[in-house]
Amino acid sequence: MIYVPKHLELFTDGGAIKINNEYYGSCSFEVKYKKQYFTFSDPVAKGTNNFYELKAIRDGLRFVVTNWKQKDLKSIDVWIISDSQYSISCITEWFDNWYEKNGKYYTRSGKEVSNIELILEIRDILTMIPKYKFLKIRSHISHDIEKTYIEFKEKNNIDISFTDYLLLVKFNENCDARITKAFNIKRRNIANSLGVDII
């Protein structure tokens, strides 16, 4: 049976690893709507985990608003599915508590906000998508899948079948798998350039 989502589903994931004392990151997204299916992976480059989690969301949303007409997006429910609570909170919750000064954003405690350019662009793109919803999904589930299913429904206030939830988990893990593959290639390339076997 082919999974045909009723909503436009944007799966996003980003990550970073330390290689030879430097952090490298990458991100990936998948878009599913009816029988349409698109995937994208970012080349590995220097950057943090949080940066690439946000970049995955930004890149995925850019893809959506570029490839769907504005009039169509008005009637489509868009689910943005991420395992990054940091990213979701930055966009939907924390932003309202930050303040701007001289073109920079700060938390109430006075700490400068990182990745603000990505956050601002994401919020700007979301103004073009009237019916969107962020869904926090747990990554790397190895046990208690029934428990995580219940948590998912309660946390996101959503009614979804167990079968459809398993498919959401699978598609989210697809993004993670592409990032892991890219990291492994980067490790090998750096190891070869340094003339070593393992980093």
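Residues numbered from 1 in each chain as written. Predicted model: local features only at pLDDT ≥ 70, side-chain atom pairs only at ≥ 80, totals over all residues. Heavy atoms only, no water.

Student: I'd like a description of the environment of Cys175, backed by residues and values.
Tutor: Secondary-structure assignment places Cys175 in helix 6 (residues 162–194). Separated by 135 residues in the primary sequence, Cys175 and Phe40 have C-alpha atoms spaced 8.6 Å apart. In contact with Cys175, not counting residues within four places along its chain, are Phe11, Asp13, Ser28, Phe29 and Glu30. (Helix = DSSP H or I, 4+ residues; strand = E, 2+ residues; numbered from the N terminus. Contact = heavy atoms within 4.5 Å.)

Student: Describe the pattern of salt bridges, naming the residues involved and giving the relevant values.
Tutor: Across all of its chains, the model carries nine salt bridges by this definition. The closest approach of N and O atoms between Asp59 and Arg58, which form a salt bridge, is 2.7 Å. For the pair formed by Asp59 and Arg58, the shared burial category is buried. Here Arg138 and Glu151 are joined by a salt bridge, their closest N and O atoms 2.7 Å apart. Residue Arg138 is found in the loop between strand 8 (132–136) and helix 5 (145–156), and its partner Glu151 is found in helix 5; the two are separated by 13 residues along the sequence. Arg138 sits in the partly exposed class, given a relative accessible area of 44%. Each of Asp42, Lys55, Arg58, Asp59, Arg62 and Glu121 takes part in salt bridges that share partners, so that together they form one network. (Salt bridge = Lys/Arg side-chain N within 4 Å of Asp/Glu carboxyl O. Buried < 20%, exposed > 50% of the residue type's maximum accessible area, 1.4 Å probe, protein only.)

Student: Go over the environment of Arg108 with me, naming the residues and quoting the values.
Tutor: Mapped onto the fold, Arg108 is located in the loop between strand 7 (104–106) and helix 4 (116–126). Here Arg108 falls in the exposed class, since its relative accessible area comes to 70%. A sequence separation of 84 residues divides Arg108 from Tyr24, and the C-alpha atoms of the two residues are 30 Å apart. Separated by 3.2 Å, the side chains of Arg108 and Asn97 make a polar contact. (Polar contact = N/O pair within 3.5 Å; in protein donor to acceptor, adjacent residues only side chain to side chain.)

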